[in-house]
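# Coordinate inspection notes
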Amino acid sequence: MGASWLFLYEAYRTVGVGISSLAYYCAPVIVMALSPWLFGERLAPAKIAGFCTVLAGALLINLQADGGAESAWGLFCGWMSALAHAAMVVFSKKADQVDGVESSAVQLAASFLLAAAFTACQDDCAFRVAADEWPWALMLGVVNTGLGCYGYFSSLGGLPAQTVAVLGYLEPLSAVVLAALLLHETMVPAQMLGAVLIVGGALASELTARRRRPRPG
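Model, not experiment: these values are computed from the prediction.

On to the overall build of the chain, then. A tally of helices and strands in the chain yields ten helices and zero strands. Seen in sequence order, the chain has helices and strands lined up from the N terminus as α-α-α-α-α-α-α-α-α-α. Looking at the chain as a whole, 37% of its 217 residues qualify as buried. Summed over its atoms, the accessible surface of the chain is roughly 12300 Å², and 69% of this surface lies on carbon and sulfur atoms.

Spelled out as C-alpha cells, the structure:
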C-alpha cells in the first residue's frame, strides 16, 4: 500500500488525477489474470473478454498521453502503483485469517513508516500544511483512507479475488468524473474512449459472470 501510494501521488502530480487513477486501477486486471493460479478461481469467457477490453482501454490511454518526459514518468509511476496495488490485493487475500480492522491497522502503519522514511530522504523534508488545508487532509485521512480501508479489507476475505478486482473500477470512474468537475482536467476523445473501455469492460465482465452463476438450490 505504501509503495502504491507513493507512485500514485507522483503520478497525480505529473499526469493528473483522471489518467493516474485509470492506470492505477489496471491493478485489478493483473489480479484477475493471476487468480486462476494464485487462488484456483476459474477465469470465465466473460472475464477474459472484459480483461481484453480493459487492456485495449489502457493502451488507448497510454498512446494518447503527451509524449514528454514528465508524462512518461507519470505513466510509469501510474503503472508501478498498479503493480504494487495488485500485490497488496494478493497478499491480503492470502492473509484471510486477518480481519478488516487488523489488516487496515497493519497496512496503514507500514505505509506511514515507508512514507516517513521516503520523505526523510528528500532534500527538503520539511512537513508543511497550511491552516486552510488541514480539514481536507483530515478528511482524506479519516474518511477516504481510514473508513475506506476498513470497508475494503473487511470485504476481501468474503469475496472472490476477481469480484474484488472488478468492483474496484468504480473508483477510477468516480475519479475521472470528479477530476473533470472539480479540477477541470480534460482528456482527448481517444482517452475518453479508453476510460469507457476500462470501466465498462470491467463492470460488464462481472455482471455477465454473475448472471451465469447457478443459483443455490
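Our next topic: the packing of helix α1 (residues 2-15) against helix α2 (residues 17-24). Interhelical geometry of α1 versus α2 gives an angle of 145 degrees and a closest axis separation of 7 Å. Remark: the crossing between α1 and α2 carries right-handed chirality. Contacts between α1 and α2 involve Ser4, Trp5, Leu8, Ala11, Tyr12 and Val15 on the former and, on the latter, Val17, Ile19, Ser20, Ser21 and Tyr24.

The next subject is the packing of aromatic side chains. Enumeration according to the criterion identifies two aromatic pairs in this entry. Judged by centre distance (5.2 Å) and plane angle (80 degrees), the ring pair of tyrosine 9 and tyrosine 12 falls under edge-to-face. Placement of the pair is tyrosine 9 and tyrosine 12 together in helix α1, with a separation of three residues, close to one helical turn. Classification of tyrosine 12 by relative accessible area gives partly exposed; the value is 23%. A ring pair is formed by tryptophan 73 and phenylalanine 76, whose centres lie 5.6 Å apart and whose planes are at 25 degrees; its orientation type is stacked. Here phenylalanine 76 and tryptophan 73 lie together in helix α5 (residues 69-94), a separation of three residues that amounts to about one turn. Under the relative-accessibility criterion, tryptophan 73 is labelled partly exposed at 41%.

On to the side chain of serine 21, then. Among the secondary structure elements, serine 21 is positioned in helix α2. With a relative accessible area of 4%, serine 21 lands in the buried category. Residues contacting serine 21, with those up to four places away along its chain left out, are Tyr12, Pro172 and Ala175.

Moving on, we get to the pattern of salt bridges. Tallied over the full model, the rule gives one salt bridge. The salt bridge partner of glutamate 10 is arginine 13, with a shortest N-O separation of 2.7 Å. Placement of both glutamate 10 and arginine 13 in helix α1 is noted, with a separation of three residues, approximately one turn of the helix.

What counts and how
Residues numbered from 1 in each chain as written. Predicted model: local features only at pLDDT ≥ 70, side-chain atom pairs only at ≥ 80, totals over all residues. Heavy atoms only, no water. Helix = DSSP H or I, 4+ residues; strand = E, 2+ residues; numbered from the N terminus. Buried < 20%, exposed > 50% of the residue type's maximum accessible area, 1.4 Å probe, protein only. Areas by Shrake-Rupley, 256 points an atom, 1.4 Å probe, with all protein chains shown as cover. Axes fitted to C-alpha atoms, helices over the stretch in contact; angles between N-to-C directions. Left-handed = near helix turned anticlockwise from the far one by under 90°. Contact = heavy atoms within 4.5 Å. Phe/Tyr/Trp six-rings, centres within 6.5 Å; stacked < 30°, edge-to-face > 60°. Salt bridge = Lys/Arg side-chain N within 4 Å of Asp/Glu carboxyl O.

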